[in-house]
Structure formats: structure tokens, C-alpha cells
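So you can see what is in the structure, the chains are spelled out below.
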Amino acid sequence: MTDLIESPDASEPIKNPGLQEHQERPQDVDPKAASRTERQISGMFGLATLLMLGFCVAYVTIDKDQTFLGWSAMNFTLGATLGGALLLMGVGIIQWAKKLMGDHEIIEMRHPVASTTEDREAVLKDLNQGIKESAIGRRPLIRNSLLGAMGALGLPAVILLGDLGPLPHGQRNTVWKKGMRVVNDVSGTPIKPSDLEVGALVNAEPAIMYETDEHGEHVLHGKELLQAKSKAAVIVVRMRPEDVTPSKGRENWGIDGILCYSKICTHVGCPISLYEQQTHHVLCPCHQSTFDLADNGKVIFGPAHRALPQLPLAVDSEGYLIAVSDFPHIVGPSYPELARDQKKLDKKS
Ligand code: FES
């Protein structure tokens with residue numbers, strides 16, 4: 001076993017190749033080559049400037065819902081222009097440093113950093129002694145099973161990725177459906193329009209959260225209930241009907257100034273609740289996105305990009321508020337493929 005690691009004396013010393021003869025760069029000897037390189041580099045910087053301007057123009061002009069090859073056209077353009085500009089600037093700077101900046105060779109003297117021969121021999125002796133005593137060469141079963149266990153160490157990390165939750169595709173619908181009652185999220189009682197005064201805001205849920213089957217068991221429970229709660233939570237507000245400015249197609253989504261919106265912020269999904277009844281604005285406490293509930297849940301401030309999804313309401317034969325359908329727009333935070341998912345939802349409805 002002693003010959004597993006070679007003694008330092010057996011290694012070949014590496015010859016010092018010395019410095020190569022200094023090569024002049026074309027730009028150092030030919031002024032035309034130098035000015036050509038200068039033009040190339042400034043061309044790259046100029047193009048980078050144009051791309052930066054393109055970035056600003058794209059940000060202002062491209063519709064957020066527009067798609068390109070299935071991707072958000074805005075994200076694609078912003079990424080391409082900014083990425084291209086940074087790449088050109090990087091390449092330009094490297095070319096400038098390599099071809100035009102001063103080209104002096106500098107010699108820095110270094111002292112040997114190797115340990116003494118005695119130290120290295122002592123370390124090798126200890127190491128070989130350890131290898132001998134571990135009997136790793138004579139116990140292939142142990143060695144191979146240890147290698148197998150070390151290889152398997154990565155498996156739990158892969159399995160744990162499953163805890164990150166389901167992929168977003170196909171998961172954007174909620175449990176709301178036509179005719180489902182809107183109930184108070186604390187008491188579980190159905191809500192009548194007469195329960196709400198002008199200026200009121202009530203946190204609510206779909207009635208299915210409280211429904212039981214023939215055995216008295218809740219229809220939804222465990223993980224299913226939690227997922228449904230997290231996506232279907234809503235706020236119901238009442239304002240004066242003349243204050244509401246519904247966009248085209250939403251004229252019948254409210255009842256006498258009573259409107260229902262998703263409680264999940266479209267930025268990164270915090271629950272919203274800070275309501276200012278005079279202005280009809282609701283504020284998300286996480287990053288201060290503000291939505292105008294009188295104006296279709298539009299974003300009026302903050303980092304959210306999409307309006308709060310609105311749930312169309314009606315009243316059932318007993319006078320309780322019910323949903324007309326699931327949310328026509330996707331609830332929850334935005335992500336790049338959202339436009340594609342929304343299109344599929346639009347096709348289905
Ligand atoms: S999660 Fe609402 S503003 Fe960020």
C-alpha cells in the first residue's frame with residue numbers, strides 16, 4: 001500500500017520556460033489598425049446606447065398582455081435589449097483593455113511556497129499509514145457500499161423539490177362556481193345585500209368550505225381545503241352604485257354597488273385588506289400596491305401589474321349573494337406565462 005501516493009522525490013521538476021519574446025500588437029505599430037479598433041469599440045458602445053433606449057421605449061409602448069412565441073412580448077423585448085446592451089458593453093470593454101490599453105509586461109518575483117521535503121515526506125508517511133490501517137484496499141464491500149451511500153446523499157435533495165408545490169399550469173382556477181353562495185369567512189353565514197351598508201368591507205369565502213356530505217364530513221378538508229381557501233378568498237365591498245364605473249361587459253357583475261374581488265394581491269400574493277371607503281382604494285400591506293375597487297380593481301399604485309380579479313355576483317331565490325361563475329381572470333401573483341394561461345381560460349369560457 002505504500003506506493004499509492006508517490007514520494008515527492010519521484011516527481012519531475014518543472015522547467016522554468018522563461019518569458020517569451022514580447023509580441024507587439026497590430027494596434028501598437030499601425031495607427032490605422034488602432035483607429036479601426038477604436039471605431040469598432042465605440043460602435044459597440046453606441047449600439048449598446050441604442051438598445052438601452054429601445055428598452056425604455058419597449059417598457060412604455062408594449063402592452064403587458066401581448067405575447068410573442070407564447071412568451072410575454074414585454075419581458076422578451078426588455079430581456080433582449082438590456083441583455084444585448086450589457087453584452088456589447090462587456091465585449092467593448094474587454095476589446096479596449098486587450099487591444100488599446102498599455103501593453104507592458106510586468107515580472108513579479110515569487111518565493112517558493114512548497115513545504116520542506118521533510119514535512120512532505122512526513123505527511124505522506126502518515127497518509128499511507130492511515131490508508132493501510134483503514135484496510136480500504138482489502139475491504140471492497142465496505143468501500144463500495146460507502147461510495148453508494150455517498151452517491152445516494154443527493155437523492156433526498158431531489159425528492160424535497162416536490163415540497164415546492166405544484167407547477168402553476170392548470171392550477172389557476174378556484175373552487176368558485178355558478179350559484180355558490182358567498183359566506184362570511186369567520187361565521188360561515190351566507191351574506192345578503194341588506195347585511196352590507198355603504199362603505200362596508202367583508203372578508204368572505206365560497207360556501208363549499210363549510211359544506212358537509214351525507215356522513216356529516218366536510219366536503220373539503222386537509223390540504224385540499226387549505227389550497228381552496230388560499231385561492232378563493234374574496235372581499236365583498238359596498239359603495240354607492242353611482243360611484244362604480246364598470247368596464248364593458250362588467251355592467252352586471254355587482255348588485256346595487258356590492259362588488260366582490262379576489263383577496264390575493266396580483267403582485268406576489270399577499271392578502272389585501274386595508275380599505276379606504278371614501279376613495280374605494282384597497283392597499284396591499286406587503287409592497288403597497290393599491291387597487292381602485294370602483295374602477296374594476298385597477299392598479300393605481302405599486303408594483304402589481306394586473307387588476308384585482310373580480311368575481312361576478314348575483315342573488316339567489318332566497319336573497320343571498322352567489323357567484324355567477326369562477327373568476328373570469330386568473331387569481332394570484334403574476335408570472336411570465338400568465339398571458340398564455342389566461343388565453344386558455346378565455347377559450348374555455
Ligand atoms: S404582494 Fe401585494 S404589493 Fe407585493
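Conventions used here
Residues numbered from 1 in each chain as written. Predicted model: local features only at pLDDT ≥ 70, side-chain atom pairs only at ≥ 80, totals over all residues. Heavy atoms only, no water. Helix = DSSP H or I, 4+ residues; strand = E, 2+ residues; numbered from the N terminus. Contact = heavy atoms within 4.5 Å. Areas by Shrake-Rupley, 256 points an atom, 1.4 Å probe, with all protein chains shown as cover. Expected span 1.5 Å × (residues − 1). Buried < 20%, exposed > 50% of the residue type's maximum accessible area, 1.4 Å probe, protein only. Polar contact = N/O pair within 3.5 Å; in protein donor to acceptor, adjacent residues only side chain to side chain. Core = buried A, V, L, I, M, F, W, Y, C linked by side-chain atoms within 4.5 Å. Pairing = 2+ DSSP bridges. UniProt positions renumbered as here; feature names shortened; annotations may be inferred. Phe/Tyr/Trp six-rings, centres within 6.5 Å; stacked < 30°, edge-to-face > 60°. Lys NZ or Arg CZ within 6 Å of the ring centre and 35° of its normal. Disulfide = S-S within 2.5 Å. Axes fitted to C-alpha atoms, helices over the stretch in contact; angles between N-to-C directions. Patch = residues over 30% accessible without salt bridge, like charges linked within 9 Å, V, L, I, M, F, W, Y side chains within 5 Å. Salt bridge = Lys/Arg side-chain N within 4 Å of Asp/Glu carboxyl O.

S.K.: Would you explain the overall build of the chain in this entry?
M.R.: On a plain count of helices and strands, the chain comes out with eight helices and 12 strands. Looking at the chain alone, contacts between residues at least 24 apart form 60% of all its contacts between residues at least 6 apart. Split by element, the accessible area of the chain, about 23,100 Å² in all, is 60% carbon and sulfur.

S.K.: Help me out: how do you make sense of helix α2 (residues 31-61) in this one?
M.R.: It helps to recall that an α-helix has 3.6 residues per turn; residues three or four apart then point in one direction. Helix length check: α2, at 31 residues, gives a terminal C-alpha distance of 45 Å against a target of 45 Å (1.5 Å per residue), a fit within 8%. Where α2 is concerned, the buried positions are Ala33, Ala34, Thr37, Ile41, Ala48 and Ala58. In this structure, the buried side of α2 is in contact with α1 (26-29) and α3 (73-99). The backbone nitrogen of Lys32 has a side-chain oxygen 2.9 Å away, supplied by the residue at the start of α2, namely Asp30.

S.K.: Please clarify how the environment of Arg306 should be interpreted in this entry.
M.R.: As for its position among the elements, Arg306 is in the loop between β10 (298-301) and β11 (313-315). Among the polar contacts made by the side chain of Arg306, one reaches the main-chain carbonyl oxygen of Gly332 at a distance of 2.7 Å.

S.K.: Can you walk me through the nonpolar core in this structure?
M.R.: Within soluble globular proteins, side chains that are nonpolar generally end up buried alongside one another. Trp176, Val182, Leu196, Val236 and Leu321 are the most contacted members of the largest nonpolar core, which has 25 residues in total. Put simply, the parts of the chain that give this core at least two residues each are β4 (201-206), α7 (222-232), β5 (234-238), β6 (258-262) and β12 (321-323). Looking at this core element by element, the count peaks at three residues for α7. Those residues in contact with Val182 that lie beyond four places of it in its chain are Trp176, Thr189, Pro190, Ile191, Ala204, Glu205, Val236, Leu313, Leu321, Ile322 and Ala323.

S.K.: What is the right way to look at α3 in this model?
M.R.: Between its first and last C-alpha atoms α3 spans 38 Å; for 27 residues at 1.5 Å apiece the expected length is 39 Å, and the two agree. Where α3 is buried, its residues touch α2, β1 (67-68) and β2 (71-72).

S.K.: Teacher, can you tell me more about the pairing of β5 here?
M.R.: Sheet faces and side chains relate simply in a regular strand, where the side chains alternate between the two faces. Here β5 lies mainly inside the structure; five of its five residues are buried. Of the two faces of β5, the one carrying Val234, Val236 and Arg238 and the one carrying Ile235 and Val237 are both buried. The sheet contact formed by β4 and β5 spans four bridges and is antiparallel. Paired with Val202 across the strands is Val236, a residue of β5. Bridging between β5 and β6 involves five bridges; their strand directions are antiparallel.

S.K.: Just to check I follow, could you spell out the UniProt feature "transmembrane region" (unreviewed entry) in the chain for this structure?
M.R.: What UniProt calls "transmembrane region" (unreviewed entry) maps, in this numbering, to residues 41-62, 68-94 and 141-162. In residues 41-62, helix accounts for 95% and strand for 0%; the two terminal C-alpha atoms are 31 Å from one another. With 86% helix and 0% strand, residues 141-162 has its two end C-alpha atoms placed 33 Å apart.

S.K.: Help me understand the packing of aromatic side chains, please; the structure alone is not making it clear to me.
M.R.: Here a ring pair, both rings aromatic, is described through the centre-centre distance and the interplanar angle of the planes. All chains considered together, the criterion is met by one aromatic pair. Taking the centre distance of 4.8 Å and the plane angle of 55° together, the rings of Phe68 and Phe76 count as tilted. Residue classification places Phe68 among the partly exposed positions, given a relative accessible area of 37%. A relative accessible area of 42% places Phe76 in the partly exposed class. Directly above the ring of Tyr320 sits Lys192, whose terminal nitrogen or CZ lies 5.0 Å from the centroid.

S.K.: In this structure, what is going on with the state of the cysteines? I would like to understand it.
M.R.: Following the criterion strictly, the structure yields one disulfide and no others. Put simply, Cys270 and Cys286 are joined by a disulfide, and their sulfur atoms are 1.9 Å apart. For the disulfide bridge between Cys270 and Cys286, the dihedral angle about the S-S bond is near -90°, and by the sign convention the bridge is left-handed. Of this pair, Cys270 sits in the loop between β6 and β7 (274-276) while Cys286 sits in the loop between β8 (281-283) and β9 (290-292), and the two are 16 residues apart along the sequence. Classification of Cys270 by relative accessible area gives buried; the value is 16%.

S.K.: Help me understand the sheet that holds strand β3 (residues 182-184) in this model?
M.R.: The strands making up a sheet are joined through hydrogen bonds of the backbone, oriented either antiparallel or parallel. Pairing is antiparallel in the open sheet, where four strands are placed in the order β3-β4-β5-β6. Both outer strands of the open sheet, β3 and β6, are each paired with one neighbouring strand and no more. When strand polarity is set aside, the average angle formed by the axes of neighbouring strands in this sheet is 40°.

S.K.: Is there a simple way to think about a nonpolar patch on the surface in this case?
M.R.: A surface patch of nonpolar side chains, amounting to about 660 Å² of accessible area, comprises Met52, Leu82, Leu86, Met89, Ile93, Trp96, Leu100 and Met101. It is α3 that contributes the most residues to the nonpolar patch, five residues altogether. As for its placement among the helices and strands, Trp96 is situated in helix α3.

S.K.: Sorry if this is basic, but what is going on with the pattern of salt bridges here?
M.R.: When the charged atoms of two side chains with opposite charge come close together, those side chains can pair. What the rule picks out here adds up to seven salt bridges. Between Arg25 and Asp28 there is a salt bridge, with its nearest N and O atoms 3.0 Å apart. Judged by relative accessible area, Asp28 falls into the partly exposed class, the value being 37%. Of the charged contacts in the structure, one is a salt bridge between Arg240 and Asp243, with a shortest N-O distance of 3.3 Å. Each of Arg25, Asp28 and Asp103 takes part in salt bridges that share partners, so that together they form one network.

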